[in-house]
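Reading the structure
The lines below spell out each chain.
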Amino acid sequence: VERICTAAGIAPRTFHRHFPVKEDVVLPLFRRFGTLSVEVLADAGPGGDVVDILVEAFSTEVPKRGTCEFDRTFMALVVNDPQYRLRWLDWGQDLIGPITEFLGARFDLGNNPHTRELPAQLVIQVCRHAYLRWVADGDFAGLRSALRVGMQMVVEALPVVSRQAVFPVGLRAQV
């Protein structure tokens, strides 16, 4: 907070008047990143490689801004501070619905709420692990690579909608 106030040229008291707790500074950043990720998923047409779209949704904002090292430092702060880390974990939960909707349009996720949302939970977990790796080694290309490998694993396990429509349930097991 002191470094922010110094950089902004304000007193810490002014800062705390606008942000009563330090988490109030971080939450809008998470919401912004989440909004951008959801926009990428929502804007993806029915075609396109699902893995490419997922990797883009969770990794394009950093290079667009050109603040890779700053963002990595910010993520290091987030994952190493227990209060911020909890906010980061909450952020992932907010994306379950949009990710499920995106995947559900392309794969047969079934009707059971638990199993329907499970692939989205796995996508979020892939993102967490990839970002933790990025914080540790600083290699943004490694972040994208880790996202790609993880997303590929999730996607390969999902039954394609068109296959479900072509083969009746009893015959699918025989195929």
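Counting from 1, residues in each chain are numbered in the order their sequence is written. Local features are withheld for residues below a pLDDT of 70 in this predicted model, meaning they are given only at 70 or higher, and side-chain atom pairs are given and counted only at 80 or more; totals for whole chains, interfaces and linings count all residues. Values shown for side chains rest on all heavy atoms present in the structure; no hydrogens or waters enter the calculation.

**Considerations on the overall build of the protein**
Within the protein one finds 12 helices and zero strands. Start at the N end of the protein and walk to the C end: the helices and strands fall as α-α-α-α-α-α-α-α-α-α-α-α. Partly exposed residues are those whose accessible area sits between 20% and 50% of the maximum for their type, while under 20% is buried and over 50% is exposed, using a 1.4 Å probe and protein chains only. Considering the protein as a whole, with its 175 residues, one finds that 37% of them fall into the buried category. Once local pairs closer than 6 in sequence are excluded, the contacts in the protein between residues at least 24 apart make up 68%. Runs of H or I in DSSP of at least four residues are treated as helices and runs of E of at least two as strands, each being numbered from the N terminus. Two residues form a contact once any of their heavy atoms are found within 4.5 Å.

**Overview of the side chain of Arg128**
Relative to the helices and strands, Arg128 resides in helix 9 (residues 113-137). By the criterion applied in these results, polar contacts are pairs of N or O atoms within 3.5 Å in which, for protein atoms, one can donate a hydrogen and the other can accept it, and in which residues neighboring in sequence qualify only through two side-chain atoms. Among the polar contacts listed, one links the side chain of Arg128 to the side chain of Gln125, at a separation of 3.2 Å. Once residues lying within four places of it in the same chain are set aside, the contact partners of Arg128 are Trp88, Leu89, Gly92 and Gln93.

**Quick notes on the layout of surface pockets**
With a 1 Å grid spanning the protein atoms alone, the term cavity applies to any set of points in which a 1.4 Å probe fits but cannot get out, the term pocket to an open set with protein on both sides within 12 Å along at least five of seven lines, and the term lining residue to any residue with an atom within 4 Å of a point. Grid points are joined across faces, edges and corners, and a volume is the space filled by probe spheres set on the points. Counted as a void, the largest pocket has a volume near 900 Å³. Surrounding the largest pocket, 31 residues form its lining, Leu29, Phe70, Phe74, Met75 and Leu77 being those nearest its centre. Those elements giving two or more residues to the lining of the largest pocket turn out to be helix 1 (2-8), helix 3 (23-43), helix 5 (61-65), helix 6 (68-80), helix 7 (82-94) and helix 9. Looking at which element gives the most residues to the lining of the largest pocket, the answer is helix 3, with seven residues. Three residue categories are used. Nonpolar comprises Ala, Val, Leu, Ile, Met, Phe, Trp, Tyr, Cys and Pro, charged comprises Asp, Glu, Lys and Arg, and polar comprises the others, including Gly. Within the lining of the largest pocket, the residues separate by chemical class into 21 nonpolar, one polar and nine charged.

**Description of the packing of aromatic side chains**
Classification of ring pairs uses Phe, Tyr and Trp, with its six-membered ring standing for Trp, and accepts pairs whose centres are within 6.5 Å; under 30 degrees between planes counts as stacked, over 60 as edge-to-face, and the remaining range as tilted. Counted by the stated rule, this structure contains three aromatic pairs. Residues Phe15 and Phe19 carry aromatic rings whose centres are separated by 5.1 Å and whose planes lie at 40 degrees to one another, so their mutual orientation is tilted. Judged by relative accessible area, which is 4%, Phe15 ranks as buried. Judged by centre distance (5.7 Å) and plane angle (80 degrees), the ring pair of Tyr131 and Trp134 falls under edge-to-face. Of the two residues, Tyr131 and Trp134 are both situated in helix 9; the distance of three residues between them amounts to about one turn of the helix.

The values reported here are purely geometric and, on their own, carry no functional implication.
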